[in-house]
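The lines below spell out each chain.
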Amino acid sequence: MQITTEEEEFREYVVTRGPALLRAAHQLTGHPLDAEDLLQNALTRTYLAWDRIADRRALDGYVRRAMVNINISQWRRRKLEEYPSDELPEVPCEPSETYGEVHERLERALSRLPERMRAAVVLRYYEDMTEPEVASTLGISVGTVKSTVSRAMAKLRSELGIPAPPQP
């Protein structure tokens, strides 16, 4: 079987950008195995549309958009399996935490956010998208992005024991 130049180009893209895209998928799902599945599904869609994607510089955006769309579709199909609780577990806070430990605490706190909040925070701060871009990607209004990100950041601050910023 002979490999075409388009197949080789796609393979090179996946090898080059795969780790960064997997990190984004992990931020969206909150679970490494779900992230791998999400990225695989998004890359499958990308491969099927490869010849229609004229601007190769926009590939990351195409794959991210596919991941968000797939993730949203999965939310809609999934039954509510987690129930909110009035009591949050205590999170130990060591005064001499290393960067890695802080990052792990942040990852755990982020994974406990509802999926829509997590997606909004990931797209806004990890993927550095503007609020209108996040709104377009998630299919919600800019106002909803602002309120969702605000509530998510308040939850993260609370869970991590970070005081809220002063109000103007």
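The rules behind the values
Residues numbered from 1 in each chain as written. Predicted model: local features only at pLDDT ≥ 70, side-chain atom pairs only at ≥ 80, totals over all residues. Heavy atoms only, no water. Helix = DSSP H or I, 4+ residues; strand = E, 2+ residues; numbered from the N terminus. Buried < 20%, exposed > 50% of the residue type's maximum accessible area, 1.4 Å probe, protein only. Contact = heavy atoms within 4.5 Å. Polar contact = N/O pair within 3.5 Å; in protein donor to acceptor, adjacent residues only side chain to side chain. Core = buried A, V, L, I, M, F, W, Y, C linked by side-chain atoms within 4.5 Å. Salt bridge = Lys/Arg side-chain N within 4 Å of Asp/Glu carboxyl O. Phe/Tyr/Trp six-rings, centres within 6.5 Å; stacked < 30°, edge-to-face > 60°.

1. Notes on the overall build of the protein chain
Helices and strands together make up the secondary structure of the protein chain, namely 7 helices and 0 strands. Each helix (α) and strand (β) of the protein chain, taken in turn from the N terminus, gives the series α-α-α-α-α-α-α. Each of the 168 residues in the protein chain was classed as buried or not, and the buried ones make up 33%. In the protein chain, the share of contacts with a sequence separation of at least 24, taken over all contacts with a separation of at least 6, comes to 60%.

2. Notes on the side chain of Thr-29
Position of Thr-29 relative to the elements: it lies in helix α1 (residues 5-29). At a separation of 3.1 Å, a polar atom in the side chain of Thr-29 contacts the main-chain carbonyl oxygen of His-31.

3. Let's talk about unusual backbone geometry
Backbone geometry at Asp-128 places phi at a positive 55°, although glycine is not the residue there. Tracing the chain through its elements places Asp-128 in the loop between α5 (115-126) and α6 (131-138). A residue is classified by how much of its surface remains accessible, and Asp-128, at 63% relative accessible area, is exposed.

4. With respect to the nonpolar core
Judged by nonpolar contacts, the single largest core of 40 residues is most densely connected at Tyr-13, Leu-28, Leu-39, Val-63, Met-67 and Leu-138. Going through the elements one at a time, α1, α2 (32-48), α3 (59-77), α4 (99-111), α5, α6 and α7 (142-160) are the ones with two or more residues in this core. For this core, the element with the highest residue contribution is α3, accounting for 8 residues. Those residues in contact with Val-63, other than ones at most four positions away along the chain, are Tyr-13, Leu-21, Leu-39, Ala-42, Leu-43 and Thr-46.

5. Some words on the pattern of salt bridges
Under the defined criterion, the tally for this structure stands at 6 salt bridges. Residue Glu-127 is joined to Arg-64 by a salt bridge in which the shortest nitrogen-to-oxygen separation is 3.2 Å. Here Glu-127 is found in the loop between α5 and α6, whereas its partner Arg-64 is found in helix α3, with 63 residues between them in sequence.

6. As for the packing of aromatic side chains
The full count for this structure, using the stated rule, is 3 aromatic pairs. Between Phe-10 and Tyr-47, the aromatic rings sit 5.0 Å apart at their centres with planes inclined by 65°, giving edge-to-face as the arrangement. Note that Phe-10 is positioned in helix α1 and Tyr-47 in helix α2, a separation of 37 residues in sequence. A residue is classified by how much of its surface remains accessible, and Tyr-47, at 36% relative accessible area, is partly exposed. Centroid distance Tyr-13 to Trp-50: 6.1 Å. Interplanar angle 50°. Geometry classified as tilted.

Spatial relationships are all this shows, so hold off on functional conclusions.
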